[in-house]
There are 2 protein chains.
Amino acid sequence: MTATVAETSADSSIRRNSGVSLWRQISDRIRRLETDGQLDADGRLPPEFRLAEEFGVNRHTVRSAISHLVQEGVLRTEQGRGTFFRSRPRLAYPIGRRTRFSAGLEGQTSTLQTVLVDSATVPADTRVAEALGMAPQAHTVWLRTIGLADGEPVSTAESWFPADSLGGIADTFRRTGSITAALAALGVADYTRRSTVLTATHAGDDDLARLKLAPGAIVLATESVNVDPAGRPIQYSRTRFSADRIELTIENG
Amino acid sequence: MTATVAETSADSSIRRNSGVSLWRQISDRIRRLETDGQLDADGRLPPEFRLAEEFGVNRHTVRSAISHLVQEGVLRTEQGRGTFFRSRPRLAYPIGRRTRFSAGLEGQTSTLQTVLVDSATVPADTRVAEALGMAPQAHTVWLRTIGLADGEPVSTAESWFPADSLGGIADTFRRTGSITAALAALGVADYTRRSTVLTATHAGDDDLARLKLAPGAIVLATESVNVDPAGRPIQYSRTRFSADRIELTIENG
DNA sequence: TACTATTTGTACGTATGTATT
DNA sequence: TAATACATACGTACAAATAGT
């Protein structure tokens, strides 16, 4: 049984002169095959000549698409045998009242890590001040972190904390390696998520660098506020997830 | 040529030989300026020569990017004055226990509509049967709907309902024009959302046609199950939102 | 072992699109 | 507007590796 990629021989979804090269469009389509489940169990891609037929392009163009995906580590080719996906299932990341990075992905990967890459004390801009319920220009501690699953970056976040009550969060994070533990050490025994706003865009150059993505990749962006048991905002965050690697599950109730 | 700010900022964001033409990358970047809020209040774009400097490309290339966005209806140019966004703010669509399309977008648009474009009675595949807690191959009613805000498509959904209890949902929907009203007419006075899974991908050809998107556009995809007050699954849906037009807000508690 | 069919890898030539100068 | 350089895409042909007969 072969995987059917397109229903007709000349696929209308590949567009010429769109500003995106054919190999790039095909590369994106092949990437989607994996997650859309239109694939054999062994993760084998149809042969090049067949993909060329189905996409309505020359075999070279398909080869160009495949070679870029090999470069990226998505595919693996074996001469005489075929082309295969290096299987990397998408991680399910729960978003709810009690969202925590490490707890969320537990059990789905062998190693999990949150790395602090930068921090500073900065005045709150209007958006940050509003989210944290502070006066504009009030001092906040800003952290830039990257979430690693099995050593590979899957998310990156900017977080702001009120400097008056949580001024030591950067140092504490460096010692503990976790936001939850750092907050606990600073007297915030528990916290819950008050709100999350979710959008999706093309990855910017920051995202490409930090999440090691290819141009044109997609990021899921969340904007969220955590509050302590008394309802006081303690953390405002903007997180960007690699959409290829992560799916978000929303917990109701 | 002297070393300038333009040179240093040039090589970071726009990539040559990435399979995406420079004008297309710049076009995508300009599109993002609007939603990322890096813009003057009047929606005015910096002059072409400045954009060319900042992106590190020739002014011709910027002009090519802008002319495509004008073609698409995203920008509007005025000779001698400048280039402006035709502003279309993103709609906030809440996802929570009591998610409903019409209630969600109320007050943000002048007209709202859910249109039924196709329906059929089909046997449940494994995924649908599992979600609805039915036997595989059991009869379900399938609906394809499109959500319109101010006459423009912003979402499209496939929904499955158990045919035994809700066999008349298609006809009832045609009369009432709303899922909530149709369910009420069939004896389901109330329902809540049990789960939502969220991913983001490039728009497929189906999405492009139904949501009137440009190639390379992004869709937010949700997979959700609604249950009646007794906890019985009554609806399984796959919805695709135009990421340019919609942001999802997650209600906790 | 040898033969064949299948599939990936390499090479050359040509035409067109893209971007700069 | 024109000249130039390079990327993209196609067509054809053949070489190399694999699996089965």
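Residues numbered from 1 in each chain as written. Chains lettered and ligands numbered in written order. Predicted model: local features only at pLDDT ≥ 70, side-chain atom pairs only at ≥ 80, totals over all residues. Heavy atoms only, no water.

### Describing the interface of chain A and chain B
Inclusion rule: Throughout, a residue-residue contact means that at least one pair of heavy atoms, one from each residue, lies within 4.5 Å. Throughout, buried area stands for the accessible area (probe radius 1.4 Å) lost by two parts on being put together, summed over both. Helix and strand assignments follow DSSP, with helices taken as H or I runs no shorter than four residues and strands as E runs no shorter than two, numbered in order from the N terminus. Polarity classes work like this: nonpolar for Ala, Val, Leu, Ile, Met, Phe, Trp, Tyr, Cys and Pro, charged for Asp, Glu, Lys and Arg, and polar for all others, with Gly in that last group. Two strands pair if DSSP finds at least two bridges between them.
Every contact between the two is made by 42 residues of chain A and, on the other side, 41 residues of chain B. Together, the buried faces of chain A and chain B total about 3,500 Å²; carbon and sulfur atoms form 57% of this surface. Those elements giving two or more residues to the side of chain A that touches chain B turn out to be α1 (22-36), β7 (192-202), α9 (205-210), β8 (218-227) and β10 (246-251) of chain A. The dominant element in the side of chain A that touches chain B, judged by the number of residues it contributes, is β7 of chain A, at 10 residues. For the side of chain A that touches chain B, the per-class residue count stands at 14 nonpolar, 16 polar and 12 charged. Relative to strand β10 (residues 246-251) of chain B, β7 of chain A is paired through four bridges, and the arrangement is antiparallel. The residue bridging V197 of chain A from the neighbouring strand is T249 of chain B, located in β10 of chain B.

### Quick word on helix α8 (residues 169-176) of chain B
All names here are of chain B. Going by this rule: Residue burial is assigned from relative accessible area. The probe radius is 1.4 Å, only protein chains are included, and a residue is buried under 20% of its type maximum, exposed over 50%, and partly exposed in between. What the arc measures is the spread of directions leading from the helix axis to the C-beta atoms.
All of the buried residues along α8 are I169, A170, T172 and F173. Projected down its long axis, α8 shows its buried positions confined to an angular sector of 165 degrees, all on one face. The exposed set on the far side of α8, more than 90 degrees from its buried face, consists of D171, R174 and R175. If you follow the buried residues of α8, they end up packed against β4 (112-123), β5 (139-149), β6 (152-162), α7 (163-166) and α9 (179-185).

### Thoughts on the sheet that holds strand β9 (residues 233-242) of chain A
Within a sheet, adjacent strands bond to each other through the backbone by hydrogen bonds, running parallel or antiparallel. The following threshold applies: Only C-alpha atoms enter the line fits that serve as axes; for helices the fit covers just the stretch in contact. Angles between N-to-C directions range over 0 to 180 degrees.
On the basis of which strands lie adjacent, the open sheet formed by eight strands has the order β4(A)-β5(A)-β6(A)-β9(A)-β8(A)-β7(A)-β10(B)-β3(B) and mixed pairing. Strands at the two margins of the open sheet, each flanked by one partner only, are β4 (112-123) of chain A together with β3 (91-95) of chain B. Averaged over all pairs of adjacent strands, the angle between their axes in this sheet comes to 20 degrees, without regard to strand direction.

### Structural notes on the confidence of the model for chain A
Residue and element names in this part refer to chain A. For clarity, the threshold we go by: For every residue, the predictor assigns a confidence score, pLDDT, that lies between 0 and 100.
Residues of chain A with pLDDT of at least 70 account for 88%, and the chain-wide mean is 85. No element of chain A has a lower mean pLDDT than helix α4 (residues 101-105), which averages 65, and none a higher one than β9, which averages 96. In the predicted structure, residues 1-10 sits below a pLDDT of 50 and forms 23 contacts with residues beyond four places in sequence or in another chain.

### Side note on the protein's contact with DNA strand C
Note the following rule: By convention in this text, a residue qualifies as near a molecule or strand provided that one of its non-hydrogen atoms is within 4 Å of it. Under the rule applied, a polar contact is a pair of N or O atoms within 3.5 Å (in protein, one hydrogen donor and one hydrogen acceptor; residues adjacent in sequence only if both atoms are side-chain atoms).
Around DNA strand C, a shell composed of 21 residues is seen, among which R59 and H60 of chain A together with L22, W23 and T61 of chain B lie nearest. Of everything in DNA strand C that lies within 4 Å of the protein, sugar and phosphate atoms constitute 65%. T77 of chain A places a polar side-chain atom, nitrogen or oxygen, 2.9 Å from a phosphate oxygen of DNA strand C. For the surface near DNA strand C, the secondary-structure elements that each account for two or more residues are α2 (48-55), α3 (59-72), β1 (75-78) and β2 (82-85) of chain A together with α2 (22-35) and α4 (59-72) of chain B. Classifying every residue of the surface near DNA strand C by side-chain character gives five nonpolar, 10 polar and six charged.

### Some points on the packing of aromatic side chains
All names here are of chain A. Heads up, the condition is: Aromatic contacts are taken between Phe, Tyr and Trp rings whose centres are within 6.5 Å, Trp giving its six-membered ring; a plane angle under 30 degrees counts as stacked, one over 60 as edge-to-face, and the others as tilted.
This model, assessed by the stated rule, comprises four aromatic pairs over all chains. For the ring pair Y93 and F241, a centre distance of 4.9 Å and an interplane angle of 45 degrees mean the geometry is tilted. Highlighted residues: Y93 in strand β3 (residues 91-95) and F241 in strand β9, separated in sequence by 148 residues. For the pair shown, Y93 and F241 are each scored as buried.

### Observations concerning the relation of the copies chain A and chain B
The test is simple: Superposing the copies works by least squares over the C-alpha atoms of residues that have pLDDT at least 70 in both of them.
With an axial shift of 0.2 Å and an RMSD of 0.4 Å, the rotation relating chain A to chain B amounts to 179 degrees. What the superposition gives is, in effect, a two-fold axis relating one chain to the other. No C-alpha of chain A lies nearer the rotation axis than that of V20 of chain A, which sits 2.2 Å from it. A shared binding surface is used by both copies, with 95% of the interface residues of chain A retained as interface residues in chain B.

### With respect to the pairing of β10 of chain B
In this structure, β3 of chain B lies alongside β10 of chain B, joined through five bridges in parallel fashion. Each residue of the ladder has a partner; that of P94 of chain B, found in β10 of chain B, is T249 of chain B.

### Let's talk about the nonpolar core
What counts, and what does not: The set of buried Ala, Val, Leu, Ile, Met, Phe, Trp, Tyr and Cys residues whose side-chain atoms join them within 4.5 Å is what this entry labels a nonpolar core.
In terms of nonpolar packing, the biggest core is built from 28 residues, with L198, L220 and L248 of chain A together with L198, L220 and L248 of chain B touching the most fellow members. Taken together, the elements giving at least two residues each to this core come down to β3, β7, β8 and β10 of chain A together with β3, β7 (192-202), β8 (218-227) and β10 of chain B. For L220 of chain B, the contacting residues outside a window of four places in its chain are L198, A200 and L220 of chain A together with L198, T199, A200, T239, R240, F241, A243, I246 and L248 of chain B.

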